[in-house]
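Each chain is listed here by its residues.
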Amino acid sequence: MSVDWRQLLAYTDQDLALAVRFGWIRRRRFKGGYRATTKGEVHTREQIRQHDEFRALITPLVDLDAAGRLTPQEKHESQIAITVRACRRNEEQYHEARQALADYGFDPEA
């Protein structure tokens, strides 16, 4: 059974823009495309370490890489996709935390 990692790690242009705005990835000038920054790599590792569902999402990709069925270009693309998904997850957690504070009557803006 072949796993299409592109469908597993699909992201939107808004997710990509969010990751660029937060500094998790940046545009490559000469080669084109994007590359993960050190900040993005650190936060992505943290998401993988802390959350089982995120780890389960990328497990098929790790298996493909271990089997040697990914080209270097696909490895790079998958790293960017994982970083963008981790950034989106981080943003969702931020909004959930703010909502939880508001539910307790604490105003984060004050």
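Note that the structure is a prediction, hence the values are computed from the model and not measured.

1. Brief notes about the environment of G23
Point 1. Locating G23 in the fold gives a position in the loop between α2 (13-22) and β1 (25-27).
Point 2. Residues G23 and T37, 14 residues apart in the sequence, show an inter-C-alpha distance of 7.1 Å.
Point 3. With residues up to four places along the chain from it excluded, the contact list for G23 reads T37, K39 and G40.

2. Examining the packing of aromatic side chains
To describe a pair of aromatic rings, one takes the distance between the centres and the angle between the planes.
Point 1. Considering all chains together, one arrives at zero aromatic pairs under this definition.
Point 2. The ring of Y34 has R27 lying over it, and the distance from NZ or CZ to the ring centre is 5.0 Å.

3. Regarding the side chain of T44
Point 1. By secondary structure assignment, the location of T44 is in helix α3 (residues 38-50).
Point 2. The exposure class assigned to T44 is buried, which follows from its relative accessible area of 6%.

4. Focus on helix α4 (residues 52-66)
Point 1. An ideal rise of 1.5 Å per residue puts 21 Å on 15 residues; α4 measures up with 20 Å between its terminal C-alpha atoms.
Point 2. Every buried residue belonging to α4 is among F54, L57, I58, L61 and L64, and all of these are buried.
Point 3. Looking one or two places after α4, you find G68, whose phi comes out positive at around 75°.

5. Considering the packing of α3 against helix α5 (residues 72-103)
Point 1. At a minimum axis distance of 9 Å, the contact between α3 and α5 shows a crossing angle of 70°. Regarding the angle of α3 to α5, the classification is roughly perpendicular. Pair α3 / α5 crosses with left-handed handedness. Between α3, through G40, E41, T44, Q47 and I48, and α5, the contact on the second element is made entirely by Q79, I82, T83, A86, R89, N90 and Q93.
Point 2. Looking at the contact of α3 with α5 residue by residue, the classes come out as three nonpolar, seven polar and two charged.

6. Section: the confidence of the model for the chain
Point 1. Mean pLDDT over the chain works out to 85, with 94% of the residues at or above the 70 mark.
Point 2. Taken element by element, the chain is modelled with least confidence in helix α1 (residues 5-8), mean pLDDT 68, and with most confidence in β1, mean pLDDT 92.

7. Describing the pattern of salt bridges
Point 1. What the rule picks out here adds up to six salt bridges.
Point 2. A salt bridge links D52 to R55, with the nearest nitrogen and oxygen atoms 2.6 Å apart. Here R55 and D52 lie together in helix α4, a separation of three residues that amounts to about one turn.
Point 3. You can call R55 partly exposed: its relative accessible area is 32%.

8. As for the packing of α2 against α5
Point 1. Contact pair α2 / α5: the axes reach a minimum separation of 9 Å and the direction vectors enclose 80°. The pairing of α2 with α5 is recorded here as roughly perpendicular in orientation. Taken together, the residues of α5 that come into contact with α2 (itself represented by D15, L16, L18, A19 and F22) are V84, C87, R88 and E91.
Point 2. Partitioning the contact of α2 with α5 into residue classes produces six nonpolar, no polar and three charged.

What counts and what doesn't
Residues numbered from 1 in each chain as written. Predicted model: local features only at pLDDT ≥ 70, side-chain atom pairs only at ≥ 80, totals over all residues. Heavy atoms only, no water. Helix = DSSP H or I, 4+ residues; strand = E, 2+ residues; numbered from the N terminus. Contact = heavy atoms within 4.5 Å. Phe/Tyr/Trp six-rings, centres within 6.5 Å; stacked < 30°, edge-to-face > 60°. Lys NZ or Arg CZ within 6 Å of the ring centre and 35° of its normal. Buried < 20%, exposed > 50% of the residue type's maximum accessible area, 1.4 Å probe, protein only. Expected span 1.5 Å × (residues − 1). Axes fitted to C-alpha atoms, helices over the stretch in contact; angles between N-to-C directions. Parallel < 35°, antiparallel > 145°, perpendicular 65-115°, else oblique. Left-handed = near helix turned anticlockwise from the far one by under 90°. Nonpolar A, V, L, I, M, F, W, Y, C, P; charged D, E, K, R; others polar. pLDDT = per-residue confidence, 0-100. Salt bridge = Lys/Arg side-chain N within 4 Å of Asp/Glu carboxyl O.

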